[in-house]
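Descriptive analysis of the structure
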Amino acid sequence: MLSLKLMKYVSAVSPFSPLKWNLRRGIKVAVVGAAGGIGQPLSLMLKLNPLVTELSLYDKVDTKGIAADLSHICTSSTVRSYFGKKELIDALECASIVVVAAGLPSKPGMDRSELLDANASVASIVAKAVSNACPSALLAFITNPVNTIVPIVAEVLKQEDAYDPKRLFGVTTLDVVRAKTFIGELLDIDPHTVSIPVIGGHAGKTILPLLSQCDPKLELDSEEKAQLVSRIQDAGTEVVRAKAGKGSATLSMAYAAAHFVNSLLRAVNHEENIIECAYVQSDLSEAEFFASPVLLGPKGIEKNLDLPEMDDEEEKRFGDMIAQLNKEIEDGVKLVAC
Ligand code: LMR
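Residues numbered from 1 in each chain as written. Predicted model: local features only at pLDDT ≥ 70, side-chain atom pairs only at ≥ 80, totals over all residues. Heavy atoms only, no water.

Under the counting rule described, the total for this entry stands at 15 salt bridges. A salt bridge links lysine 28 to glutamate 54; the shortest N-O distance between them is 4.0 Å. Of this pair, lysine 28 sits in strand β1 (residues 28-32) while glutamate 54 sits in strand β2 (residues 54-59), and the two are 26 residues apart along the sequence. For the residue pair lysine 28 and glutamate 54, the accessibility class agrees, reading buried in each case. Each of the salt bridges in this network shares a partner with another, and the network as a whole consists of Arg112, Lys327, Glu328 and Asp331. (Salt bridge = Lys/Arg side-chain N within 4 Å of Asp/Glu carboxyl O. Helix = DSSP H or I, 4+ residues; strand = E, 2+ residues; numbered from the N terminus. Buried < 20%, exposed > 50% of the residue type's maximum accessible area, 1.4 Å probe, protein only.)

Right, dumping it as structure tokens:
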């Protein structure tokens, strides 16, 4: 006869046991570009996240040292290191979430096409590897220019017969983080208590913070609003200039990406009502990819929520940005086609 202790154990591990559903499933998160300026602090934040069970660190340069270093932190996830072309597939195998920070950062004076030339091939290689190793993973791209990189990844995944628009995200969380911070400073309140949607894309005029939807309410005149919108839109350049040739936002981007990945993890874990702004395939505007609030679920986007309301000035900015966004999307599609 089975002892009571053994029966409890068998019932806990049986796939049919109700107790089983209370056990957290293993979640492997892969960071591609883990040795870089964003990748390292992002990996640190993910090592601190109790929802991660395995952290897979990949880069083209050796990640052994970073993995050894992080592995000494007393949280329960295991850390594995991979590097070089041959190990990319192993790094991604069985990942539930892949976050991609690989590629060149912006430098002062660098135009978008130079950045695109450098980063498009990196994004394509990762997309192909994902389609082989973990086609059902949620895939979050930080690599810039996000407005073009995400459509490139979508095209490559289509070619590989592995495209699911619900699983592909461009990370625009930093725009929301910046909007909350600057509004917090302006109102002299804790930025965490600010709620504001930022829609469109992740570059210049395509970044559209909807100040009219801010909670708490903002009492600003038209000029003050325009200044705040410009500060949010140009915040990336503010950091690039301040770093004077030594790269772009890394620490705040890592924070923002870790926040976004945490929301994906919570959704994968069947937590409800997880909403984030992200750059995704969309039919909310005339642009095929558009950042807006999405409801997340275990398999990615559960619902692309309706566009938030806009005031007249925001409607105008929205209309003005679509041509730029469409051009940036089209550049990506063309690049994959030729
Ligand atoms: C940022 O928003 O700071 C970055 O995405 C900008 C960049 O070009 O690296």
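This paragraph deals with the UniProt feature "domain: Lactate/malate dehydrogenase C-terminal" (unreviewed entry) in the chain. UniProt marks residues 172-334 with the feature "domain: Lactate/malate dehydrogenase C-terminal" (unreviewed entry), using the numbering shown here. Secondary structure across residues 172-334 comprises 47% helix and 17% strand; the distance between its end C-alpha atoms is 23 Å. (UniProt positions renumbered as here; feature names shortened; annotations may be inferred.)

This part covers the pairing of strand β3 (residues 78-83). Consecutive side chains along a regular strand alternate between the two faces of the sheet. The pairing of β2 with β3 spans 6 bridges and is classified as parallel. In the strand pairing of β3, tyrosine 58 is matched with tyrosine 82. Handedness of the crossover joining β2 and β3 through helix α3 (residues 64-71) is recorded here as right-handed. (Pairing = 2+ DSSP bridges. Right-handed = clockwise from strand over helix to strand, strands pointing away.)

Turning our eyes to something else, we now look at the UniProt feature "domain: Lactate/malate dehydrogenase N-terminal" (unreviewed entry) in the chain. Within this numbering scheme, the UniProt entry marks residues 27-170 as carrying the feature "domain: Lactate/malate dehydrogenase N-terminal" (unreviewed entry). Secondary structure content for residues 27-170 is 40% helix and 19% strand, while the C-alpha to C-alpha distance between its ends is 21 Å.

Let us look at the site of the ligand. Surrounding the ligand, one finds Ser106, Asn144, Leu174, Arg178, His202, Gly236, Ser248, Ala249 and Met253. A distance of 2.7 Å separates an oxygen atom of the ligand from a polar side-chain atom of histidine 202. At 3.0 Å from an oxygen atom of the ligand is found a side-chain nitrogen or oxygen belonging to serine 248. For the ligand, the protein covers 86% of the area, taking 270 Å² as the surface of the free molecule. Of the residues assigned to the shell around the ligand, the class counts are 3 nonpolar, 5 polar and 1 charged. (Near = heavy atom within 4 Å. Polar contact = N/O pair within 3.5 Å; in protein donor to acceptor, adjacent residues only side chain to side chain. Areas by Shrake-Rupley, 256 points an atom, 1.4 Å probe, with all protein chains shown as cover. Nonpolar A, V, L, I, M, F, W, Y, C, P; charged D, E, K, R; others polar.)

Judged by nonpolar contacts, the single largest core of 49 residues is most densely connected at Leu92, Val98, Leu139, Phe141 and Val153. Those residues in contact with phenylalanine 141, other than ones at most four positions away along the chain, are Val100, Ala123, Val126, Val146, Ile149, Val150, Val153, Leu168, Phe169, Gly170 and Val171. Ranked by size, the runner-up nonpolar core spans 44 residues in total, among them Ile97, Phe169, Val171 and Ala278. (Core = buried A, V, L, I, M, F, W, Y, C linked by side-chain atoms within 4.5 Å. Contact = heavy atoms within 4.5 Å.)

Along the polypeptide, lysine 225 turns up in helix α8 (residues 222-233). At a separation of 3.5 Å, a polar atom in the side chain of lysine 225 contacts the side chain of aspartate 311. Here lysine 225 is in contact with Leu211, Leu220, Asp311 and Glu313, once residues within four sequence places are set aside.

Glancing now at the packing of aromatic side chains. Pairs of aromatic rings are described using the distance from one ring centre to the other and the angle between the two planes. Counted according to the given criterion, the structure contains 3 aromatic pairs. Both rings, one in phenylalanine 169 and one in phenylalanine 260, keep their centres 5.5 Å apart while their planes meet at 65 degrees; by these two values the pair is edge-to-face. With a gap of 91 residues between them, phenylalanine 169 in strand β6 (residues 168-170) and phenylalanine 260 in helix α10 (residues 251-268) connect regions that are remote in the sequence. A relative accessible area of 0% places phenylalanine 169 in the buried class. Ring geometry for tyrosine 279 versus phenylalanine 289: centroids 6.1 Å apart, planes at 40 degrees, classification tilted. With tyrosine 279 in strand β9 (residues 274-281) and phenylalanine 289 in strand β10 (residues 289-297), this residue pair connects regions lying 10 residues apart in the sequence. Judged by its relative accessible area of 0%, tyrosine 279 falls in the buried class. According to the relative accessible area criterion, phenylalanine 289 is buried, its value standing at 2%. (Phe/Tyr/Trp six-rings, centres within 6.5 Å; stacked < 30°, edge-to-face > 60°.)

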